[in-house]
Amino acid sequence: MSQIIELLKNINYQVSKELLFNYKKLNITDSELIVLIYLINQSNNIYNPKQIGNDLKLELNNVLELINSLCEKNIIKIEMKKINNIRSEIINLDSLYEKIAFALTEVEEKNDSNLYSVFETEFGRTLSPMEFEIINGWIDTGYTEELIKLALKEATYNGVSNLRYIDKIIYEWGKKGIKTKEDVENNRKQFKNNNTNKNKELFDYDWLNDSGNN
């Protein structure tokens, strides 16, 4: 917590939302993220573990462990380069940016097949950034594109163009173990049969001989 507070106090520090939203997918720990934010915001990329420790209020051994871990995960690289005829250790962040780009590409491929376009067509308008995040949340939770489209179809059938309503449908289906189109159809048939049986019982009831009327 103290590390985060120190970073927040310095208004010059910047962190891209791409890194913030995807660092968990890259197997980056919270402590490693703090170090990365620090490195990204440095005016030079000379590796100075002692300076990093002083600035982030970390023990030198802790800094070395975090940097080593980031190198092992191929998030950063430490290279030897000549600067003003002096060989220095330089931190190369290219691998980090490549991994973020790959993670974003995976999301795009995962959400391909015009899922967003389907929603925009059904709603008759452009989706808001918040709505994009909600749809992404469904996908990240593990709901299939097929199920999401079925929920959209169900909402449209009921005359509702609202992601909250669709979210409720998906949630209820999830509780019932509904995952495919066949599951949805079976659930609909079961619901229809239950209502038919209730109406039949009501119709067949002998109201005249009900003991409550005597």
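Residues numbered from 1 in each chain as written. Predicted model: local features only at pLDDT ≥ 70, side-chain atom pairs only at ≥ 80, totals over all residues. Heavy atoms only, no water.

Trainee: I'm lost on the pattern of salt bridges in this one. Help?
Mentor: When the charged atoms of two side chains lie near each other, side chains of opposite charge can form a pair. Enumeration according to the criterion identifies five salt bridges in this entry. Of the charged contacts in the structure, one is a salt bridge between Lys 24 and Asp 30, with a shortest N-O distance of 3.3 Å. Taking relative accessible area as the criterion, Asp 30 reaches 44% and is therefore assigned partly exposed. (Salt bridge = Lys/Arg side-chain N within 4 Å of Asp/Glu carboxyl O. Buried < 20%, exposed > 50% of the residue type's maximum accessible area, 1.4 Å probe, protein only.)

Trainee: So what exactly am I meant to see when it comes to the pairing of strand E2 (residues 86–92) here?
Mentor: Looking along a regular strand, one sees the side chains alternate between the two faces of the sheet. Where strand E1 (residues 77–83) meets E2, seven bridges bridge the pair, whose relative direction is antiparallel. The partner of Lys 77 across the bridge, within E2, is Asn 92. Where E1 hands over to E2, the hairpin turn is made up of two residues, of which Asn 84 adopts a positive phi near 55°. (Pairing = 2+ DSSP bridges. Helix = DSSP H or I, 4+ residues; strand = E, 2+ residues; numbered from the N terminus.)

Trainee: Explanation requested: helix H3 (residues 30–40) in the structure shown.
Mentor: It helps to recall that an α-helix has 3.6 residues per turn; residues three or four apart then point in one direction. Here H3 lies mainly inside the structure; eight of its eleven residues are buried. All of the buried residues along H3 are Glu 32, Leu 33, Ile 34, Val 35, Leu 36, Ile 37, Tyr 38 and Leu 39.

Trainee: Mind showing me how you'd approach the side chain of Asn 22 here?
Mentor: Within the secondary structure layout, Asn 22 lies in helix H2 (residues 17–22). Separated by 2.7 Å, the side chain of Asn 22 and the backbone oxygen of Glu 18 make a polar contact. Beyond its immediate stretch of four places on either side in the chain, Asn 22 contacts Ala 103 and Leu 104. (Polar contact = N/O pair within 3.5 Å; in protein donor to acceptor, adjacent residues only side chain to side chain. Contact = heavy atoms within 4.5 Å.)

Trainee: Whenever I open this one, the nonpolar core confuses me. Can you help?
Mentor: In a soluble, globular protein the nonpolar side chains are often hidden away together inside. Among the nonpolar cores identified, the biggest contains 26 residues, and Ile 28, Leu 36, Leu 39, Ile 52, Ile 67, Ile 76 and Leu 96 are the most heavily contacted of them. Breaking this core down by element, the ones donating at least two residues are H3, helix H4 (49–56), helix H5 (60–72) and helix H6 (94–110). Looking at this core, the element that brings in the most residues is H3, giving seven residues. For Leu 39, the residues in contact, after removing those within four places along its chain, are Ile 52, Ile 67, Ile 76, Ile 91 and Leu 93. Within the second largest apolar cluster, 21 residues are counted, among which are Tyr 116, Leu 127, Ala 151 and Leu 152. (Core = buried A, V, L, I, M, F, W, Y, C linked by side-chain atoms within 4.5 Å.)

Geometric descriptors of this kind do not, in isolation, establish any biological role.
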